[in-house]
Amino acid sequence: MLRTYLATAFLARFADEGVGVALALLAVERTGRPALGGFVLAAWLAPHALAAPVVGALAERTRAPRLLHGCALALLGTALALLALTTGRMPVPLTLAVALTGGSVGPLVTGGLSSLLAETRGHSGAGEGGDGSQGRTPLGRCDDGDRPGGADASAGGRGSRLRDRSYAYDAATYNAAAVTAPAAVAATAAVSSAALATVLLAVSAGCAALLCAALRLPAADLGSSPAHRFRIRELGTGFRVLRRAPQLATLTLATCVAFLGAGALPVTAVLLARARGASDGGGLLMTAFAVGGLAGSLAAARWPGASGPARSARLGLLVTAAGLAGAALTPSLLWTAGLFLCAGLGEGPLLSATLRLRADHAPEGTRAQVFTLGAGLKLTAGAAGTALVGALASLPPQSLLLLTAALQLAAAALLRGLRRSRPAPPVREPGAGTGRQPGLRGLPRGPRSPGGSW
């Protein structure tokens, strides 16, 4: 089950990670100017934050989760194929409309897929515990290194390590896609054409859609009464959960601050490489960073549970900050690449810990919205970081890189709030326990750990 999910996630994220490079190469190939590629990419990224609440709510309420995610991935692939046909050949508004449509399912490709980990663990729990009890036993708080106590402490610790490992592998799919997708797109464009490279991404998304059909996903238990039908106000549930759960609010704010720096990093890397005397060295630096992130994710999967997810996230941010600060101070491009690789080592544990913390603290019935909203807000922060570094491009690249490192330190400082925050008692809605899905007033304010192990 885990292998099927990881293959699905990698293929989907391979398609998503290669879009930026493919659109830039496609625009240059057909128009001779990269500006069109930038406009189309902006249209692709723009709907992420706006679409996140909608697709998250649909993912929570659907009775056919495989069909929903499969259709989303198929739509992603179709949009990429249409972009290969229309970019530079059809009217620009038509191309932008296609990009907006494809980008609207982006939150399901990123956070939405990650939210399925908790659901697939619980669904497969019966296979691990005989009657399924082990797969659905709450494991209690697991942040900051805490482990469940009592008679089930050993089983809880094993389940916690399995969760850590599964989220670390999920984080590795992001990093692996970030390493391989741009390289594959660039190589395909060099050998054949940018259009074929874009079609390659479309095929990857289509294969992910087919693999999604093999995932065993439980349907939401919504009942048949009108009280269980979708309501427009549910679109804001993700935001209300963030407001009511201080751990999730702290985590979301910290990751947005970190991604404000991450969005500035590609442009900063190009400027820094030029300052080091290598006009085309920006790609080398970002590849080194992505390779470091992949190594960090695999290390987190190999040695899970060494510390709590909150500590792992803070440590990852500190490692990234230290590596980037060192890269800003060294005069050699080779040393700069090495330090970018070291900085990337912190990216892997940070991402896996972020996924784990979201699953631990998101109330039942809201995980998909929390994951998609978190992913959308992060991408929006990254886009803001890209715009910020463009406005500050006149500054020395070393200063820009130090600013990026400072943002990672600020995010690490914000994450210390996870240690100080304590769960508040849940506020129960009248009629709780009658089988109805809880409304906003029934959302628990403290952490809720997903039951079961993979």
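Residues numbered from 1 in each chain as written. Predicted model: local features only at pLDDT ≥ 70, side-chain atom pairs only at ≥ 80, totals over all residues. Heavy atoms only, no water.

**Student:** Which residues make up the pattern of salt bridges, and what values go with them?
**Tutor:** Any two side chains of opposite charge can pair, so long as their charged atoms come close to each other. Counted by the stated rule, this structure contains two salt bridges. Residue Arg13 is joined to Asp170 by a salt bridge in which the shortest nitrogen-to-oxygen separation is 2.7 Å. Highlighted residues: Arg13 in helix α1 (residues 2-17) and Asp170 in helix α10 (residues 153-191), separated in sequence by 157 residues. Among the residues examined, Arg13 registers a relative accessible area of 2% and is labelled buried. Of the charged contacts, one joins Arg356 and Asp360 as a salt bridge, the two residues approaching to 2.9 Å between their closest N and O atoms. Taken together, the residues Arg356 and Asp360, both in helix α17 (residues 347-361) and four residues apart, mark about one turn of the helix. When sorted by exposure, Arg356 lands in the same class as Asp360, which is buried. (Salt bridge = Lys/Arg side-chain N within 4 Å of Asp/Glu carboxyl O. Helix = DSSP H or I, 4+ residues; strand = E, 2+ residues; numbered from the N terminus. Buried < 20%, exposed > 50% of the residue type's maximum accessible area, 1.4 Å probe, protein only.)

**Student:** Outline the state of the cysteines, supporting the account with residue identities and numerical values.
**Tutor:** In a disulfide, the sulfur atoms of two cysteines are held together by a covalent bond. Counted under the stated rule, the structure contains zero disulfides. Cysteine Cys71 shares no disulfide, and the gap to the nearest cysteine sulfur, in Cys212, comes to 9.2 Å. In this structure Cys71 comes out as partly exposed when scored by relative accessible area, which is 45%. (Disulfide = S-S within 2.5 Å.)

**Student:** Report on the side chain of Thr354, specifying residues and quantitative values.
**Tutor:** Here Thr354 is to be found in helix α17. Given a relative accessible area of 2%, Thr354 falls into the buried group. Apart from residues lying up to four places away in sequence, Thr354 is in contact with Leu251 and Thr255. (Contact = heavy atoms within 4.5 Å.)

**Student:** Can you lay out helix α11 (residues 194-212) for me, pointing to particular residues and giving the numbers?
**Tutor:** For α11, with 19 residues, the first-to-last C-alpha span of 27 Å sits near the 27 Å given by 1.5 Å per residue. Considered for burial, the residues of α11 that qualify are Ala194, Ala195, Ala197, Thr198, Leu201, Ala202, Ser204, Ala205, Ala208, Ala209 and Cys212. (Expected span 1.5 Å × (residues − 1).)

**Student:** Would you mind going over the packing of aromatic side chains in detail, with residue names and values included?
**Tutor:** In this structure the tally under the stated criterion is one aromatic pair. With centroids separated by 5.9 Å and ring planes inclined at 50°, the aromatic side chains of Phe10 and Phe14 adopt a geometry described as tilted. Taken together, the positions of Phe10 and Phe14, both in helix α1 and four residues apart, correspond to about one turn of that helix. Look at Phe14 and you get buried, because its relative accessible area is 10%. When the ring centre of Tyr174 is taken as reference, the NZ or CZ atom of Arg13 above it lies at 3.9 Å. The cationic tip of Arg358 hangs over the ring face of Phe371; the distance from NZ or CZ to the ring centre is 5.9 Å. (Phe/Tyr/Trp six-rings, centres within 6.5 Å; stacked < 30°, edge-to-face > 60°. Lys NZ or Arg CZ within 6 Å of the ring centre and 35° of its normal.)

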